[in-house]
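Each chain, written out:
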Amino acid sequence: MTMKDRELDKLLEAVSRPPEMDQRAFRDAVWAKIDTRESWVDRVRNALRPLMPAVALRSAPAALALVVGGLSGAAMAQSDPHDDLAIFDTNSSYSIVAMIAPSKDKH
């Protein structure tokens, strides 16, 4: 037998032996790992925690501009009083439709 044959025999013998592992310790280690596992929400929150101050600092002006723009747009979008000279408005007395269509009072 050569040296390589002896090494191969030792490796085969080591593989054929049952594992020298404590089943109870392995099971306890697996359950301990499962019990201490974080949810994906907590992992994402912990990963993003260092970036939050920078994101908040950059997004504050954009949020303020959005609020001010929304309020000023809502104030400007309020309905105007009825204008009879708005000829393209359907409820105007001088609209094209009102002039062409027969009036309801004549029938």
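Residues numbered from 1 in each chain as written. Predicted model: local features only at pLDDT ≥ 70, side-chain atom pairs only at ≥ 80, totals over all residues. Heavy atoms only, no water.

Quick look at the overall build of the protein chain
So, step 1. Assigned secondary structure in the protein chain consists of five helices and zero strands.
So, step 2. Element order for the protein chain, N to C, with α for helix and β for strand: α-α-α-α-α.
So, step 3. Burial statistics for the protein chain: of 107 residues in total, 2% are counted as buried.
So, step 4. Just so you have it, the protein chain exposes about 10500 Å², and 64% of that area is on carbon and sulfur atoms. (Helix = DSSP H or I, 4+ residues; strand = E, 2+ residues; numbered from the N terminus. Buried < 20%, exposed > 50% of the residue type's maximum accessible area, 1.4 Å probe, protein only. Areas by Shrake-Rupley, 256 points an atom, 1.4 Å probe, with all protein chains shown as cover.)

What about the confidence of the model for the protein chain?
So, step 1. Chain-level statistics for the protein chain give a pLDDT mean of 81 and a share of 89% at 70 or above.
So, step 2. Per-element confidence in the protein chain is highest for helix α4 (residues 52–76), whose mean pLDDT is 88, and lowest for helix α5 (residues 96–100), whose mean pLDDT is 76. (pLDDT = per-residue confidence, 0-100.)

Looking at the pattern of salt bridges
So, step 1. Counted under the stated rule, the structure contains one salt bridge.
So, step 2. Note that D42 is salt-bridged to R45, the shortest N-O span being 3.0 Å. In this pair, D42 and R45 both sit in helix α3 (residues 40–48), three residues apart, roughly one turn of the helix.
So, step 3. Relative accessible area serves as the criterion here: at 46%, R45 is assigned to the partly exposed category. (Salt bridge = Lys/Arg side-chain N within 4 Å of Asp/Glu carboxyl O.)

Let's talk about α4
So, step 1. A rise of 1.5 Å per residue sets the reference length of α4, with its 25 residues, at 36 Å; its end C-alpha atoms lie 35 Å apart and thus fit the reference within 8%.
So, step 2. The largest bend along α4 reaches roughly 35 degrees and is located at S59, with the proline P61 sitting one to four residues downstream. (Expected span 1.5 Å × (residues − 1). Bend = angle between axes of the 7 residues up to and from the residue.)

A look at a nonpolar patch on the surface
So, step 1. On the surface, W40, V41, V44, L48, L51, M52 and V55 cluster together into a nonpolar patch covering about 660 Å² of accessible area.
So, step 2. Of all the secondary structure elements, the ones that give two or more residues to the nonpolar patch are α3 and α4.
So, step 3. The leading source of residues in the nonpolar patch is α3, at four residues.
So, step 4. V44 gets classed as partly exposed once you look at its relative accessible area, which sits at 41%. (Patch = residues over 30% accessible without salt bridge, like charges linked within 9 Å, V, L, I, M, F, W, Y side chains within 5 Å.)

Some words on the environment of L85
So, step 1. Relative to the helices and strands, L85 resides in the loop between α4 and α5.
So, step 2. A relative accessible area of 65% places L85 in the exposed class.
So, step 3. Placed 10 residues apart in sequence, L85 and S95 show a C-alpha to C-alpha distance of 7.8 Å.
So, step 4. Every residue in contact with L85, bar those within four places of it in the chain, is listed here: S92 and Y94. (Contact = heavy atoms within 4.5 Å.)

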